[in-house]
Structures are given as structure tokens and as C-alpha cells.
Amino acid sequence: MTQLKYWLWLANLPRTGSQVKLALLEHFGSPENIYYADKEEYLLVEGMNRPAAESLGDKSLAAADRILGDCDRLGLRIVTKQDVEYPDRLRNIYDPPLLLYIQGRMPRFDDEVAVAMVGTRRASPYAMEMGEKLAFQMAGLGAVIVSGLAAGGDAAAHRGALRAGGFTAAVIGGGHDIVYPRENRFLYEDIAARGVILSEYPPGSEHMGSHFPVRNRIISGLSLGVVVIEAPERSGALITASRALDQGKDVFVIPGQVGDYRCAGSNGLLRDGAGVATDAWDVLSGYAGKYPHKIRSLRMEEPRRFGGASPAEKSRRTGNEPSAGKPKAPEKPVLDLSGDHGLTDDQTRIIRALNGRTLQVDDLIEETQISTRRVLAALTILELDRIVTQESGKRFSLAVTLL
């Protein structure tokens, strides 16, 4: 706890930039050594000036004590740059945060297929739908969705991941005790309960406009790649994409309508060589080989058969070939639930409920008596496996024929 006070003292020093603080840490080895050094020693550090050295002369730990009390009250943990839990992905960027305030369960980001999804706050209905859908698909395949909990595209990405029963991480630009924007209060609570919320700003810090471009380096730093959902020519999402490129990360873009100002910036990234993101596999295919234990590979050849022969094959076996002059209806893959189909009990119950019917999620929950989270998780996998298809109004039907 004593060591943590020195970290908080250093992280919250005024008139001292992040690069100077990192240089101090490199020079002295620990915040405690920095705390007990004198002004003349500080001036030996590269980038140090007298105003910054003067600020280091304030040895009060009162602010650190207050922050520790606030964190205890709010149930926050603090992870410093020298802790094992601090992600190497973040530690290795140009300007890593000295520490993170954490609410929820932080995964081992270095072992995860973490994908950032960012977009403009004034996103179009198309972008909101596509952002949520893509996050839903990727989370269902095992990816961790990272975003900034802002209105618009960020919120759509978080919602999609949660709807899939997946994990999502939110990096915010202020204190955990100040929900911003207010309309995301319930989303904030869901992420805190089922994912993780991170910030480099202590409790009580306002979500200032100058904080958001700074926090974007953390969003991209935690991730293998960044998906830009939609962005005009001047957008924080483009700053995140720029940060990602500086960090050597991949950048993908959901294509937008040509001529719509809301996607002029994101379409410009496509023109400059960004990857196209039209479905989850466009993004995740490049990571599946390195993280086979994390990502489900569900690409398949059409038509797909599940545990049985197709009607056409059965016709050939019995000699009843279809008449040559009659047009053939498109064949659906066949699913034999009596065979070795590899489906879970939840998936099987949902398939049986959908046989010959089109149902909304609420109807499926009532009919199967399976919890909402489990139904959504099962539908995610069934949709990606092309066993069910989603129609307008979030209604689901079978894309296979049951034997």
C-alpha cells in the first residue's frame, strides 16, 4: 500500500507531462526513489525543466490517500506499470499510462484476441446496426471487444458484445464515479458487471474533451487491431486509427455510403489501404492461426450437411432423380439431430423450437425456458454456424432442414 501511494503521487503530479514521468521512472527505477530524490537530481533527467522539477518538490501524499479512499469506496483496483497484471501490449507502446483504475474483471489481454471498435458519436442508423452486428459476431467467436463507452458507435459495439454473451472492455476518459454520457448509465452498469471498465484518471476526474484523444492510445494499445465503424473527416475514431497505425496495429473499416459526410473519414481509410470489415471473419481470420484456442473457425463450404444426407443424395440412392424439366428449389443443408451433431443442449432446444417457425428472442426464451443470456449466446453460435438466420425485427428461423 505504501508503494502504491508513491505511484499515485507521481501519476497525479501537476505541470509534469507523461513523457517526463516515464523518463523519471526509467532514471530512478521506482516512484519511491523519485519521491526521495532532490531537485538537482531531477534536473539530470532528459526532458526535465525547472517548473517540472519544482512540482516534484511537493511531497504531500494527501491526494494519494484521498484517491485510495475513493477507490476503496467504489470497489476499484489499481494496477501499475510494474505490476504483472499490467498488459505487455500496453507497456510496450510509446506512452503507456503509469497506472490504471479498474472496475470489473480484467482479462489477460496479452492472451486475448482483443479488437477495438470505435465510431463517431453521431452515428447513422446503418453504422449503429452494423457496429452492433459485427461486435455480436466477433464476441460470439471469442474476441474481446474494446471501445470507449461513448455515445454512438462505441455504445453499439459494447451492446453487441454483451448481447452475444461475450466480454467487452471500456476505456473511459474520466473517473469511474462520473458516468459519461448520462444516457449510457445502464450500459456502464452492464459492462462493470460482465466486463471491465478502465481509466488512467482517478475518481472525481471530469470527462474533459482533452482526455479522449489521450485515452484512445489505450484503446488501440490493448488491441490487436481497430475497426472503425463510421467516422467523418474530423473524428476521434480517426485519432484511434492513427494511434493504432503508430503502434503497428491493424486497421479495418466498415464500408459506408459514398457521399455521406458521416463516413467520409472512414471511407478515406479504406482508400488508403485499411482492411474491409463486412463480417467477423474479415477481421478475425488473420488472428485465428495464432490464437486457435480463443477463436472458433467457422468458415465452411456451402451447402453444409449436419449429420445426415441431403434430400438430393437420398433421391440418387433410391433412383428417384428430380425431373430434368423442373426448376430445382435451392437446397438447405440438412441437420440430423439424432446423429453426432456437436450441438449443446441449449442449441438443440432452440433448433427444435424454431422448426417450421419464425420466432423473436422473447418467444424463444418463453418457449425453451432458457435464460436470456444463454439464448442469446446460443443464437450467436447458431447464426455463425449458419444453422439459423436472423430476419427483420430480430426474428429467427432455421436455415437448415431437420430430419
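Residues numbered from 1 in each chain as written. Predicted model: local features only at pLDDT ≥ 70, side-chain atom pairs only at ≥ 80, totals over all residues. Heavy atoms only, no water.

Overview of the sheet that holds strand β12 (residues 388–391)
Now for step 1: The 3 strands lie next to each other as β11-β13-β12, forming an open sheet whose pairing is antiparallel. Looking along the sheet, the strands with just one partner apiece sit at the ends: β11 (359–360) and β12.
Now for step 2: Of the strands in this sheet, β11, β12 and β13 (395–398) are in contact with helix α16 (residues 345–354), which crosses β13 at around 90°. (Pairing = 2+ DSSP bridges. Helix = DSSP H or I, 4+ residues; strand = E, 2+ residues; numbered from the N terminus. Contact = heavy atoms within 4.5 Å. Axes fitted to C-alpha atoms, helices over the stretch in contact; angles between N-to-C directions.)

Description of the packing of helix α9 (residues 153–163) against helix α10 (residues 185–194)
Now for step 1: With their axes 11 Å apart at the nearest point, α9 and α10 run at an angle of 45° to one another. In this view, α9 runs oblique relative to α10, as classed from their interaxial angle. Here α9 runs over α10; the crossing is left-handed. Along its contact with α9, which presents Ala155, His158, Arg159 and Leu162, the element α10 presents Leu187, Asp190, Ile191 and Arg194.
Now for step 2: Here the residues of the contact of α9 with α10 sort into 4 nonpolar, 1 polar and 3 charged. (Parallel < 35°, antiparallel > 145°, perpendicular 65-115°, else oblique. Left-handed = near helix turned anticlockwise from the far one by under 90°. Nonpolar A, V, L, I, M, F, W, Y, C, P; charged D, E, K, R; others polar.)

Overview of the environment of alanine 288
Now for step 1: With respect to the helices and strands, alanine 288 occurs in helix α14 (residues 280–288).
Now for step 2: Here alanine 288 falls in the buried class, since its relative accessible area comes to 13%.
Now for step 3: In this structure alanine 288 touches Trp281 and Ile295, once residues within four positions along its chain are discounted. (Buried < 20%, exposed > 50% of the residue type's maximum accessible area, 1.4 Å probe, protein only.)

Some thoughts on the pairing of strand β5 (residues 168–171)
Now for step 1: Because side chains alternate across β5, one face comprises the buried residues Thr168 and Ala170, and the other comprises Ala169 and Val171, equally buried.
Now for step 2: With 3 bridges connecting them, strand β4 (residues 144–147) and β5 associate as parallel partners. Counterpart to valine 146 in the pairing with β5 is alanine 169.
Now for step 3: Traced from β4 through α9 to β5, the parallel crossover comes out right-handed.
Now for step 4: Pairing of β5 with strand β6 (residues 196–199) involves 3 bridges; the strand directions are parallel. Residue pairing for β6: alanine 170 is matched across the bridge by isoleucine 197. (Right-handed = clockwise from strand over helix to strand, strands pointing away.)

Overview of the packing of aromatic side chains
Now for step 1: Summed over all chains, the structure comprises 6 aromatic pairs.
Now for step 2: Taken together, a centroid distance of 6.0 Å and an interplanar angle of 65° make the contact between tyrosine 6 and tyrosine 36 edge-to-face. Residue tyrosine 6 is located in helix α1 (residues 2–11), and its partner tyrosine 36 is located in helix α3 (residues 31–36); the two are separated by 30 residues in the primary sequence.
Now for step 3: On the numbers, 5.0 Å between centres and 85° between planes, the contact of tyrosine 35 with tyrosine 36 is edge-to-face.
Now for step 4: Residue class for tyrosine 35 comes out buried when judged on its relative accessible area of 11%.
Now for step 5: Judged by relative accessible area, which is 58%, tyrosine 36 ranks as exposed.
Now for step 6: An aromatic cluster is present here, built from Tyr6, Trp9, Tyr35 and Tyr36 joined pairwise through their rings.
Now for step 7: For the cation-ring pair, lysine 59 lies above tyrosine 35, with the distance from its terminal atom to the ring centre recorded as 5.2 Å.
Now for step 8: Here the guanidinium or amino end of arginine 185 rests over the ring plane of phenylalanine 186, the centre of that ring lying 4.2 Å away. (Phe/Tyr/Trp six-rings, centres within 6.5 Å; stacked < 30°, edge-to-face > 60°. Lys NZ or Arg CZ within 6 Å of the ring centre and 35° of its normal.)

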